[in-house]
Amino acid sequence: MMTLKTIRILYVGGTIGMEQTPSGYAPATSLVHRIATWTTTHPQLAPHDIQVEVCEPLLDSANAVPMDWSRLASRLWAQRDSADGFVVLHGTDTMAYTASALSFLLKGFGKPVVVTGSQLPASIPHSDAEGNTLGAITCALEPRIKEVTIFFGKRLLRGNRARKRCSEAFDSFGSPHWPALAEMREQLVVNVAGLLKGDKTPVKATLKAKVQTPATRSFDTISVGLLKLFPGISGDLIAAAARIHPDGLVLELYGAGAGPAADPDITTALREVVARGTPIVGVSQSYSGKVDLAVYEAGQALAACGVIDGGDLSAEAGLAKIYYLHSIGTAPAKFAEAMRNSIAGELCPTA
């Protein structure tokens, strides 16, 4: 006999619910009615209680800022005990950033949180909106999944491992360093070995405050930047980026972690930035790259300047992780160690 469950859908915005307006496509509330039609006519989902909440104002994810991650996480924590699983409908442009941030902010949440969206609005024929939404709900009904994920193009990916690799294809998200957690075939096939390991005991409401790490700094008081190395980059640009974003800098390095370390202006800028207390985390600018600063002489020179080895951390997860560590008051002396240790499956053990 089927156990009926409650799934809460938070419609944040994005292409999935957009309608044509005189100014172009923009998020609209009409998506709520479409979801009701999709779910009530689906034989496996119809018996369950599928609730939809519109998070006003609806957001084009291109306009998302870190404070939106924090607000969304707080909303989910507040509703945690009201549903068995959660689906977040979000735009694809910054979906990997949001899912990464939620993976840290919802550590210990103990229930599925599935982020999805679509490449085409639900109002357009042959859109992927319905398939992604129904697939995400199916994943949110799966009790073995107790982490933040992205469902897109029939695959479920760890949220802080997913990266957008294409702006047009329906399978536009990949996970270069971690296998898919589930795949939608005739039914959902779960890769149990790939799931995040942790406490399987459901979090009681009375313990929620202990599980949720209390924030000591609001995200709107934190400023972290992301900068990509390129041939000819100047030390002044690195220094300026760090001045604008004094709480941290994710530096996208070449390949396995090389950079223009022969340029004294670059190394001087890096040392001065780190000396001022701004952590610099090196990640690979290659889609499936992994940083190991010990491999090349140039990488070792960057490490000597104080650049933190980000291993196989994605740029999106790296940015979100720095925000999170600052928000919980991580001491400067502990920052490098905290960046190298996996919090929510964002790093491989050997990375």
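This text follows the structure it describes.
Scope of this entry: the structure provided in the associated data block. (Residues numbered from 1 in each chain as written. Predicted model: local features only at pLDDT ≥ 70, side-chain atom pairs only at ≥ 80, totals over all residues. Heavy atoms only, no water.)

## Overview of the overall build of the chain
Applied cut-off: The helix count covers DSSP runs of H or I at least four residues long, the strand count covers runs of E at least two residues long, and both are numbered beginning at the N terminus. Atoms counted for the radius of gyration: C-alpha only. Globule rule: 2.2 Å times residue count to the power 0.38. Relative accessibility decides the category of a residue: with a 1.4 Å probe and only protein chains considered, values under 20% of the type maximum give buried, values over 50% give exposed, and everything between is partly exposed. The contact definition used throughout considers only heavy atoms, calling two residues in contact when any of these lie within 4.5 Å. All accessibility values rest on the Shrake-Rupley procedure with a 1.4 Å probe; residue burial counts only the protein chains present in the view. By the counting rule applied here, Lys and Arg register as positive and Asp and Glu as negative, while His and the ends of each chain are not counted. Charged groups are reduced to one reference atom each: NZ for lysine, CZ for arginine, CG for aspartic acid, CD for glutamic acid.
Within the chain, the regular secondary structure consists of 10 helices and 16 strands. Its C-alpha radius of gyration of 21 Å places the chain within 12% of the 20 Å reference for a compact globule of 351 residues. If you line up the chain on its principal axes, its C-alpha atoms span 65 × 50 × 35 Å. In the chain, buried positions account for 51% of the 351 residues. Sequence separation of at least 24 residues holds for 72% of the intrachain contacts in the chain that already meet a minimum separation of 6. Of the accessible surface of the chain, which amounts to about 15500 Å², a share of 55% is contributed by carbon and sulfur atoms. Charge separation in the chain, taken as the distance between the mean sites of 32 positive and 32 negative side-chain charges, equals 7 Å.

## A closer look at the pattern of salt bridges
Heads up, the rule is: The rule for a salt bridge is simple: a side-chain nitrogen of Lys or Arg has to be within 4 Å of a carboxyl oxygen of Asp or Glu.
The full count for this structure, using the stated rule, is 13 salt bridges. With a closest N to O distance of 2.7 Å, R158 and E147 form a salt bridge. Here R158 is found in strand β8 (residues 155-158), whereas its partner E147 is found in the loop between α4 (129-140) and β7 (148-152), with 11 residues between them in sequence. Across the pair, exposure class does not vary: R158 and E147 are buried alike. Where D247 meets R217, a salt bridge forms, and the shortest distance between an N and an O atom there is 3.3 Å. With a gap of 30 residues between them, D247 in the loop between α6 (235-244) and β14 (248-253) and R217 in the loop between α5 (208-211) and β13 (224-228) connect regions that are remote in the sequence. Residue class for D247 comes out buried when judged on its relative accessible area of 12%. Classification of R217 as partly exposed rests on a relative accessible area of 28%. Several salt bridges share partner residues, and in doing so they unite R8, E53 and R75 into one network.

## Comments concerning the sheet that holds β8
Stated precisely, the cut-off is as follows: Two strands qualify as a pair provided that DSSP identifies no fewer than 2 bridges between them. Angles here are taken between N-to-C directions and fall from 0 to 180 degrees, while the axes themselves are lines fitted to C-alpha atoms, restricted in helices to the stretch in contact.
Strand order across the open sheet formed by 8 strands is β4-β1-β5-β6-β7-β8-β11-β12, with mixed pairing between neighbours. The two strands at the open ends of the sheet, each matched to only one other strand, are β4 (49-59) and β12 (188-190). Across the sheet, the axes of successive neighbouring strands diverge by a mean angle of 25 degrees, strand direction being ignored. In terms of strand pairing, strand β11 (residues 182-184) meets β12 through 3 bridges, oriented antiparallel. Each residue of the ladder has a partner; that of E183, found in β12, is V189. Strand contacts of helix α1 (residues 31-40): β1 (6-13), β4 and β5 (85-89), with the helix running at about 160 degrees to β4, the strand carrying the most contacts. Sheet contacts for helix α3 (residues 95-105): β6 (113-116) and β7; angle to β7, the most-contacted strand, approximately 155 degrees.

## Thoughts on empty space enclosed by the protein
Keep this limit in mind: The distinction between a cavity and a pocket rests on a 1 Å grid over the protein atoms alone: a 1.4 Å probe fits inside a cavity but cannot get out, while a pocket stays open yet meets protein on both sides within 12 Å along at least five of seven lines, and a residue with an atom within 4 Å of a point counts as lining. Grid points are joined across faces, edges and corners, and a volume is the space filled by probe spheres set on the points. Classification convention: Asp, Glu, Lys, Arg as charged; Ala, Val, Leu, Ile, Met, Phe, Trp, Tyr, Cys, Pro as nonpolar; all other residues, Gly among them, as polar.
In total, this model carries 2 cavities of 30 Å³ or more according to the counting rule given. The calculated volume of the largest cavity comes to roughly 90 Å³. As for the largest cavity, its lining consists of 13 residues, and the residues nearest its centre are R163, H177, D312, L313 and S314. Residue composition of the lining of the largest cavity, by class: 4 nonpolar, 6 polar and 3 charged. Taken as a whole, the second largest cavity encloses approximately 30 Å³ of empty space. If you trace the second largest cavity, you find it lined by L229, I238, L251, L253, G259, P260, I266, L270 and L302. Put simply, the parts of the chain that give the lining of the second largest cavity at least two residues each are β14 and α7 (264-275). Grouping the constituent residues of the lining of the second largest cavity by class yields 8 nonpolar, 1 polar and no charged.

## Overview of the sheet that holds β13
Across the sheet, 4 strands lie side by side as β13-β14-β15-β16; this open sheet has parallel pairing. The two strands at the open ends of the sheet, each matched to only one other strand, are β13 and β16 (308-309). Alignment of β13 against β14, held across 5 bridges, turns out to be parallel. Pairing of V224 across the sheet is with G248, part of β14. Across the sheet, helix α9 (residues 315-327) touches β13, β14 and β15 (280-284), and the angle it forms with β14 is around 165 degrees.

## So, the nonpolar core
When a protein is soluble and globular, its nonpolar side chains tend to lie buried together. Quick reminder of the rule: Here, the term nonpolar core denotes a set of buried Ala, Val, Leu, Ile, Met, Phe, Trp, Tyr and Cys residues that are joined through side-chain atoms within 4.5 Å.
Ranked by internal contacts, the top residues of the largest apolar core, which has 50 residues, are L76 and L106. A total of 8 residues in this core trace back to one element, the largest contributor, which is α9. Discounting chain neighbours no more than four positions away, the residues touching L106 are A73, L76, W77, V113 and V148. Listed in part, the 30 residues of the second largest apolar core include I50, A129, C139 and L188.

## Quick notes on α7
Where we set the bar: A helix is expected to span 1.5 Å multiplied by its residue count minus one. Note: the arc covers the axis-to-C-beta directions of the helix.
Taking 1.5 Å as the rise per residue, α7 with 12 residues should run 16 Å; its terminal C-alpha atoms sit 16 Å apart, in good agreement. Within the span of α7, buried status applies to I266, T267, A269, L270 and V273. Angular distribution of buried residues about the axis of α7 spans 160 degrees; they occupy a single face of the element. Exposed positions of α7 whose direction lies more than 90 degrees from the buried face are P264, D265 and A275. At the C-terminal side of α7, G277 shows a positive phi close to 95 degrees.

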